[in-house]
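Below are the chains, spelled out letter by letter.
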Amino acid sequence: LRGTVHRLWEQLDLESPPDEVNNVVHVSSSAFEGLADRLVWLPAAALHADIFGHRLLSARIPSSAVQKWLLNPMVAGQPVMQRMAGKNAKECLAEAKTLLGKARATEK
């Protein structure tokens, strides 16, 4: 994909060929970051309609908690996105449950 865009950048009406920063491909560091990316980049995306978003909501993670975490706040001394980094969907779901427990414990 990168090679094709590099070859055709002028035909694609790009301002310059792809480089190390603007390289055509983005990879999310976790299932949770992927959810955040889709919600930002896809105009029709919605938490409840996203596959991973739906899994979070089905696991009784409140929408309000997910929306807060998408802003990457510190939880137990670490940013949420850092806590989720490198985790697949199952692992992120488990981490979300842990985060929710920590948030509830803090509220008491």
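Note: the structure precedes this text.
This one's a predicted model, so the numbers in the text were calculated from it and none came from an experiment.

Draft legend 1. Representation of the side chain of Ser30 in the model. Summarising the element assignment, Ser30 is placed in the loop between α1 (2-8) and α2 (31-41). A residue is classified by how much of its surface remains accessible, and Ser30, at 7% relative accessible area, is buried. Engagement of the side chain of Ser30 in a polar contact is seen with the backbone nitrogen of Phe32, the distance being 3.3 Å. For Ser30, the side chain forms a polar contact with the main-chain nitrogen of Glu33, separated by 3.0 Å.

Draft legend 2. Structural detail: α2. Residues Ala31, Phe32, Glu33, Gly34, Leu35, Ala36 and Asp37 constitute the buried set of α2. For α2, the N-terminal capping position is held by Ser30, with its side-chain oxygen 3.3 Å away from the main-chain nitrogen of Phe32.

Draft legend 3. Molecular detail of the side chain of Glu33. By the secondary structure assignment, Glu33 is in helix α2. For the buried Glu33, no salt bridge exists, and the shortest N-O distance to an oppositely charged side chain is 10 Å, to Arg38. Polar contacts involving the side chain of Glu33 include one to the side chain of Ser29, which spans 2.5 Å. Setting aside residues up to four positions removed in sequence, Glu33 forms contacts with His26, Ser28 and Met81.

Definitions and cut-offs
- Residues numbered from 1 in each chain as written.
- Predicted model: local features only at pLDDT ≥ 70, side-chain atom pairs only at ≥ 80, totals over all residues.
- Heavy atoms only, no water.
- Helix = DSSP H or I, 4+ residues; strand = E, 2+ residues; numbered from the N terminus.
- Buried < 20%, exposed > 50% of the residue type's maximum accessible area, 1.4 Å probe, protein only.
- Polar contact = N/O pair within 3.5 Å; in protein donor to acceptor, adjacent residues only side chain to side chain.
- Lys, Arg positive; Asp, Glu negative; His and termini not counted.
- Salt bridge = Lys/Arg side-chain N within 4 Å of Asp/Glu carboxyl O.
- Contact = heavy atoms within 4.5 Å.

Note that all results are geometric; they support no functional claim without further evidence.
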